[in-house]
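One letter stands for each residue in the lines below.
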Amino acid sequence: MNGSAASSADGWSAAERLAAAIERDGPYCVWCSREFTGLVRATREHLVPRVKGGPSVLENELAACSRCNRERGHRSPVQWLDEVAARGREPRPDVLAAGLRRLQRRIDERGGHRRIRDYLRTELRKLERRGSAAHG
Ligand SMILES: [Zn+2]
């Protein structure tokens, strides 16, 4: 009954979703902009963490290197964006913003996921405030 972590509501495998995220956003980590080659391994990063109710669908996933993904833990995406920037990495706020809006649109269109609507709204607001604060 309950699907494994690798299966998705859309019937795509985890590997297929990772490939699609890279196709969509380019072969670069959303948190540090490193290109996925050799030692820089691409992983699926959840916009809304699974523990917060984030679904395993393409719209909730971005490609991130295994280092940034592992270090993020359960931080919210915008909080982690600020932290990696403070650590001297070069995150991709535009990719993050597009991802958050994409997930929000999916939920608006298909319903469900009531639990994460406020979370998404809050993150987008933080991101907009951050952008207009003219640092970075
Ligand atoms: Zn990274």
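Residues numbered from 1 in each chain as written. Predicted model: local features only at pLDDT ≥ 70, side-chain atom pairs only at ≥ 80, totals over all residues. Heavy atoms only, no water.

Peer 1: With reference to specific residues and values, describe the overall build of the protein chain.
Peer 2: Along its length, the protein chain carries five helices and two strands. The order of α-helices and β-strands along the protein chain, N terminus first, is α-β-β-α-α-α-α. Within the protein chain, the proportion of its 136 residues that are buried is 46%. Of the contacts formed within the protein chain by residues at least 6 apart in sequence, a portion of 64% connects residues at least 24 apart. Roughly 7,500 Å² of accessible area belongs to the protein chain as shown, and the carbon and sulfur atoms make up 49% of that amount. (Helix = DSSP H or I, 4+ residues; strand = E, 2+ residues; numbered from the N terminus. Buried < 20%, exposed > 50% of the residue type's maximum accessible area, 1.4 Å probe, protein only. Contact = heavy atoms within 4.5 Å. Areas by Shrake-Rupley, 256 points an atom, 1.4 Å probe, with all protein chains shown as cover.)

Peer 1: Give me the pairing of strand β1 (residues 42–46): which residues, what numbers.
Peer 2: Within β1, four of the five residues are buried, which leaves the element mostly enclosed by the surrounding structure. Where β1 and strand β2 (residues 61–65) come together, five bridges link them in antiparallel fashion. Residue glutamate 45 lies in a different strand from β2, and its bridge partner there is leucine 62. (Pairing = 2+ DSSP bridges.)

Peer 1: So, the pattern of salt bridges: which residues are in play, and what are the values?
Peer 2: Going through the model one piece at a time under the given rule, you end up with 12 salt bridges. Across the pair arginine 24 and aspartate 25 runs a salt bridge, and its minimum N-O distance is 3.1 Å. Judged by its relative accessible area of 27%, arginine 24 is partly exposed. Between arginine 106 and glutamate 59 there is a salt bridge, and its shortest N-O distance comes to 3.1 Å. (Salt bridge = Lys/Arg side-chain N within 4 Å of Asp/Glu carboxyl O.)

Peer 1: Report on the coordination of the zinc ion, specifying residues and quantitative values.
Peer 2: Protein-derived ligands of the zinc ion are Cys29 (SG), Cys32 (SG), Cys65 (SG) and Cys68 (SG), with the metal-ligand distances lying across 2.3 to 2.4 Å. Coordination geometry of the zinc ion: the four donor atoms subtend angles of 100 to 114° at the metal centre, consistent with an arrangement described as tetrahedral. Read in sequence order, the donor residues coordinating the zinc ion give the pattern C-x2-C-x32-C-x2-C. According to the relative accessible area criterion, cysteine 65 is buried, its value standing at 1%. (Donors = N, O, S within 2.8 Å, 3.2 Å for Na, K, Ca; no water. Tetrahedral: all angles 85-135°; square planar, octahedral: opposite > 155°, others 65-115°.)

Peer 1: Tell me about helix α3 (residues 77–86), and name the residues and values.
Peer 2: If you check which residues of α3 are buried, you get Pro77, Val78, Trp80, Leu81 and Val84. Down the axis of α3, the buried side of the element spans an arc of 160°, and every buried residue falls inside it. The positive-phi residue at the C-terminal boundary of α3 is glycine 88, with phi of around 90°. (Arc of directions from axis to C-beta.)

Peer 1: I'd love a proper account of the nonpolar core, names of residues and values included.
Peer 2: Grouped together as the largest cluster of nonpolar side chains are 30 residues, with contacts concentrated most on Cys29, Trp31 and Leu96. For this core, the secondary structure elements donating two or more residues are β2, α3, α4 (93–110) and α5 (114–132). If one sorts the elements of this core by residue count, α4 sits on top with six residues. Excluding residues that lie within four positions of it along the chain, cysteine 29 makes contacts with Arg34, Phe36, Ala63, Ala64, Cys65, Cys68 and Arg92. (Core = buried A, V, L, I, M, F, W, Y, C linked by side-chain atoms within 4.5 Å.)

Peer 1: Mind laying out α4, listing which residues take part and the relevant values?
Peer 2: Under the 1.5 Å per step criterion, the end-to-end length of α4 is 26 Å for 18 residues, consistent within 8% with the ideal 26 Å. Of all the positions in α4, only Val95, Leu96, Ala97, Gly99, Leu100, Arg102, Leu103, Arg106 and Ile107 are classed as buried. Looking one or two places after α4, you find glycine 111, whose phi comes out positive at around 75°. (Expected span 1.5 Å × (residues − 1).)

Peer 1: Give a detailed account of the environment of leucine 18, specifying residues and quantitative values.
Peer 2: With respect to the element layout, leucine 18 can be found in helix α1 (residues 14–25). In the structure, leucine 18 is positioned 44 residues away from leucine 62 in sequence and 7.6 Å away in space, judged by C-alpha atoms. When sequence neighbours within four positions are dropped, the list of residues in contact with leucine 18 reads Ala42, Thr43, Arg44 and Ala63.

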